[in-house]
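# Remarks on the overall topology
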Amino acid sequence: MTDRLYYTDSYTRQFTARVVEQIVLDERPAVILDRTLFYPESGGQPSDRGTLGGVEVTDVISRESDRAVLHVLSRPLPSTDAQGEVDWARRFDHMQQHTGQHVLSQAFLRTAEAETVSFHLGADSVTIDIAAERVTPALAEKTEEIANGVVIGDAPVRAWFPAADEIAKLSLRKTPDVDGALRVVAIGDFDLTACGGTHVAHTGEIGLIKILKVEKQKKNTRVEFRCGWRALGDYSRKNTLVNQLAADFTCGIAEVDQAVAKLRAEANALRKELKSAREELIGHEAAELIASAPVRGGWKVIRKAWAGRDANEVRGLAARLTAAPGTVALLGTGGAKAHVVLARAQDIDRDMNQLFKSAIALLDGARGGGDARLAQGGGVSADLSAVERVLNEAERELFK
């Protein structure tokens, strides 16, 4: 079993060790050392990175059979003795986020009586899922205040392996089902829980704890947050964005939300005006097409295709055209997502869906359908000439 030095010291970055086993894991070289400072992925916390004997450590895994720590390498290790060095920036980031998670989990337990059911520490996102169906903004703000109060208090963080009789006396927030000795992490007198991860020595090192988003996740609530350097980076990005918006709107930062609301209202008004204008234009276009349409078999048949026209407009035009009795509309648009619409008036006895299925076969991979009055589809790349061939085939089948 590998001696896991990080259990008692999360701050040392360099160590020497002896290789006790060399293996190949998924076609990658890996070694087991007699001792290590490298943390293997576990409990929602990613593994450490760094070097062994100058060779990059690409992953660290705990072997289930004997809990030996596998150090996956970018290339084989040249010797049986190695100097190891942990990537400190990554390690300290994980220490900040994981210790901050302990504080936040206990804070939610106090404000919402909600236990943490899962924890995820990604390269950017940090989340906990808590057993609460709803967390209001006011509750999240209160929880955040309590958590940051613990940070400001700079409480000591202690990690140790209690004796069996001592464990029975501890009021742990969460006791996992583990084989072997149980490691406990205490944050002052605020939180006490079992955990095998790496943590800071005092809560002041966590830095700011900031909740970014709260959203429902099935019967639980997912809370996204940042701690320390990640929180500072998030604040810096958002501060830059807000200052840029204030400059663009020529207003103060406190007035940005009002400026955005005004812009949104103006955009909605313009969108309505544009929609009304487009509908009016489509009405005029429909009238012109009907007036100039040739008559076949007693019906006015309008067959037309465009290059790159919006499919929604084509559908709207087909509906306008076939509102007139005795009218058939065979329309299409070419482009990256070609679209064909076949429609007919209420008084015409033809199955447009059957017509569509026959004609659309000319566009390889196209899909769609409809009913007796209107059928449509496409979704594949096709130029104008290909769409026109489909419409020609549809007209041919219409009068077959």
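Now for a quick tour of the structure. (Residues numbered from 1 in each chain as written. Predicted model: local features only at pLDDT ≥ 70, side-chain atom pairs only at ≥ 80, totals over all residues. Heavy atoms only, no water.)

## What about the pattern of salt bridges?
Oppositely charged side chains are able to pair whenever their charged atoms sit close together. The cut-off we apply is this: Salt bridges are defined by distance alone: a side-chain nitrogen of Lys or Arg within 4 Å of a carboxyl oxygen of Asp or Glu. A helix here means a DSSP run of H or I that spans at least four residues, while a strand means a run of E at least two residues long, and both kinds are numbered starting from the N terminus.
Following the criterion strictly, the structure yields 21 salt bridges and no others. Residue Glu-224 is joined to Lys-213 by a salt bridge in which the shortest nitrogen-to-oxygen separation is 4.0 Å. You can see Glu-224 sitting in strand 15 (residues 220–227) and its partner Lys-213 sitting in strand 14 (residues 209–217), a full 11 residues away along the chain. For Arg-296, the salt bridge identified is with Glu-395, shortest N-O distance 3.1 Å. With Arg-296 in strand 16 (residues 295–296) and Glu-395 in helix 8 (residues 384–398), the pair connects residues that are 99 residues apart, well separated along the chain. Where salt bridges share partners, they join Asp-124, Lys-213, Glu-224 and Arg-226 into one cluster.

## Considerations on helix 5 (residues 256–292)
Note the following rule: Any helix carries an expected span of 1.5 Å times its number of residues minus one. Accessible area is worked out with a 1.4 Å probe on protein chains only. A residue is then buried under 20% of its type maximum, exposed over 50%, and partly exposed in between. Two residues form a contact once any of their heavy atoms are found within 4.5 Å.
Relative to the 54 Å expected for 37 residues at 1.5 Å per residue, helix 5 spans 53 Å between its end C-alpha atoms, a close match to the ideal helical length. Here helix 5 has its buried residues at Val-256, Ala-259, Ile-282, Ala-286, Leu-289 and Ile-290. Along its buried surface, helix 5 packs onto helix 4 (228–249), strand 17 (299–307) and helix 6 (311–321).

## Digging into the nonpolar core
As a reminder, the rule being used: For the purposes of this section, nonpolar cores are sets of buried Ala, Val, Leu, Ile, Met, Phe, Trp, Tyr and Cys residues that join through side-chain atoms within 4.5 Å.
In terms of nonpolar packing, the biggest core is built from 31 residues, with Val-103, Leu-104, Phe-108, Ile-128, Ile-130 and Ile-209 touching the most fellow members. Secondary structure elements with two or more residues in this core: helix 1 (88–112), strand 9 (116–121), strand 10 (126–130), helix 2 (137–152), strand 12 (184–187), strand 14 and strand 15. Looking at which element gives the most residues to this core, the answer is helix 1, with six residues. Filtering out sequence-adjacent residues up to four positions away, Val-103 remains in contact with Ala-147, Val-150, Ile-187, Phe-190, Ile-206 and Ile-209. Judged by nonpolar contacts, the second largest core, of 26 residues, contains Val-301, Ala-375, Val-387 and Leu-398.

## Observations concerning the layout of surface pockets
Note the cut-off: Here a cavity is any set of points on a 1 Å grid over the protein atoms alone where a 1.4 Å probe fits but cannot get out, and a pocket is any open set with protein on both sides within 12 Å along at least 5 of 7 lines; a residue lines the site when it has an atom within 4 Å of a point. Grid points are joined across faces, edges and corners, and a volume is the space filled by probe spheres set on the points.
Taken as a whole, the second largest pocket holds about 210 Å³ of empty space. Taken together, Arg-271, Leu-274, Lys-275, Arg-278, Glu-279, Ile-282, Glu-313, Gly-316 and Arg-320 form the lining of the second largest pocket. Those elements that provide at least two residues to the lining of the second largest pocket are helix 5 and helix 6. It is helix 5 that provides the largest number of residues to the lining of the second largest pocket, a total of six residues.

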